[in-house]
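# Observations on the model geometry
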Amino acid sequence: MRIEDAVIMITGASSGIGEATARAALQAGARVILLARRKQRIDALAETSVNALAVACDVTQADQIEHAVRLGMARFGRIDVLINNAGQGLFAAIEEIDVAEFRSLLDLNLIAPLMMMQAVIPQMRQQGAGRIINISSGATLATYPGSAAYTSSKAGLNKLSGVARLELADTGITVSVVHPFMTATEFYQSVKSGQDVATEQSQQSAAFAHTPERVAETILAVIRSGEAQVDLVPRAYGGSYEG
């Protein structure tokens, strides 16, 4: 798929990977629908381009998703690409995982991507083409203590994506997964639980963490190729990345 003039909807577009991907897509000539709860941030980004639309959206709420898709269709007439990027971390040992926090995490990291997919697939079917890219985590490629809640939510997203790719194979819609490695974003400052562990990981990874822009380049490449799965995880950590 060509990125030029494609209409790309991005969740979690107010910072980090989502913001970097939005900027890269706009620079490449795409039209971009920015979804996030922090409206002021996406408004500021939308003001930089006539090809951007900012929509305040909590992607765990079906009515807000429906509203966002309706506004995007009204503005651009189609949705070619969905990038499910919104997500959050949670660090806790198995015995210490707060069940309410875990349910909330699953709502954002797993259920919300499903609802977003269900919201755009009918339109993509009518178009006869579409790309859905789910942003998972390189942490699902290995096993780490304290990561059970977060990685299980993302592992569920991996499987959801794989089945969706199979089911939609004859429709012109491809579903792909991108596994970022440690990335220099606000992720570690916004975890639901385990802030001390998250801060320590952030400090330890500062020297070799990828920039959001590096991940954005990979996401745009997957839009073009439709490849099923790409990771930015070094082989030493269970991935295939050699860059």
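Small disclaimer: the values here were computed from a predicted structure and weren't measured.

## Focus on the sheet that holds strand β2 (residues 31-36)
Taking strand neighbours across the sheet as the criterion, the 7 strands line up as β3-β2-β1-β4-β5-β6-β7 in an open arrangement whose pairing is parallel. Only two strands of the sheet have a single partner each, and these edge strands are β3 (52-56) and β7 (229-231). Here the average twist between neighbouring strands, direction ignored, is 15°. Seen against the sheet, helix α2 (residues 39-46) touches β2 and β3 and runs at an angle of roughly 170° to β3. Contacting β1 (7-11), β2, β4 (81-84), β5 (130-135) and β6 (173-179), helix α4 (residues 99-127) crosses the sheet at an angle of about 175° to β4.

## Re the pattern of salt bridges
A complete count under the given rule lists 7 salt bridges for this structure. The residue Arg23 makes a salt bridge to Glu19 at a minimum N-O spacing of 3.0 Å. Placement of the pair is Arg23 and Glu19 together in helix α1 (residues 16-27), with a separation of 4 residues, close to one helical turn. For Asp80, the salt bridge identified is with Arg78, shortest N-O distance 2.7 Å.

## Structural notes on α4
Across its 29 residues, α4 extends 41 Å between first and last C-alpha, which sits within 8% of the 42 Å expected from 1.5 Å per residue. Roughly 40° is the biggest bend found in α4, and it falls at Ile111, with proline Pro113 one to four residues downstream. Taken as a whole, α4 has its buried residues at Leu105, Leu108, Asn109, Leu110, Ala112, Pro113, Met116, Met117, Val120, Ile121, Gln123 and Met124. A side-chain oxygen of the first residue of α4 lies 3.0 Å from the backbone nitrogen of Ala100; this N-cap is Asp98. Gly128 occupies a position one or two residues after α4 and carries a positive phi of about 80°.

## Focus on the packing of aromatic side chains
Under the defined criterion, the tally for this structure stands at 1 aromatic pair. Aromatic pair Phe181 and Tyr237: ring centres 5.1 Å apart, planes at 55°, arrangement tilted. With Phe181 in the loop between β6 and α6 (195-205) and Tyr237 in the segment after β7, this residue pair connects regions lying 56 residues apart in the sequence.

## A word on α1
An ideal rise of 1.5 Å per residue puts 16 Å on 12 residues; α1 measures up with 17 Å between its terminal C-alpha atoms. Following α1 by one or two positions, Gly29 adopts a phi angle in the positive range, close to 100°.

## Looking at the pairing of β1
A regular strand carries its side chains on alternate faces of the sheet. Counting buried residues along β1, 5 of its 5 residues qualify, which places the element largely inside the surrounding structure. Neither face of β1 is exposed, since Val7, Met9 and Thr11 on one face and Ile8 and Ile10 on the opposite face are all buried. Between β1 and its parallel partner β2, the chain crosses via α1, and the hand of that crossover is right-handed. Bridge count for β1 against β4 is 3 bridges, and the pairing is parallel. Paired with Ile10 across the bridge in β4 is Ile83.

Here is what the cut-offs are and how they apply
Residues numbered from 1 in each chain as written. Predicted model: local features only at pLDDT ≥ 70, side-chain atom pairs only at ≥ 80, totals over all residues. Heavy atoms only, no water. Pairing = 2+ DSSP bridges. Helix = DSSP H or I, 4+ residues; strand = E, 2+ residues; numbered from the N terminus. Axes fitted to C-alpha atoms, helices over the stretch in contact; angles between N-to-C directions. Contact = heavy atoms within 4.5 Å. Salt bridge = Lys/Arg side-chain N within 4 Å of Asp/Glu carboxyl O. Expected span 1.5 Å × (residues − 1). Bend = angle between axes of the 7 residues up to and from the residue. Buried < 20%, exposed > 50% of the residue type's maximum accessible area, 1.4 Å probe, protein only. Polar contact = N/O pair within 3.5 Å; in protein donor to acceptor, adjacent residues only side chain to side chain. Phe/Tyr/Trp six-rings, centres within 6.5 Å; stacked < 30°, edge-to-face > 60°. Right-handed = clockwise from strand over helix to strand, strands pointing away.

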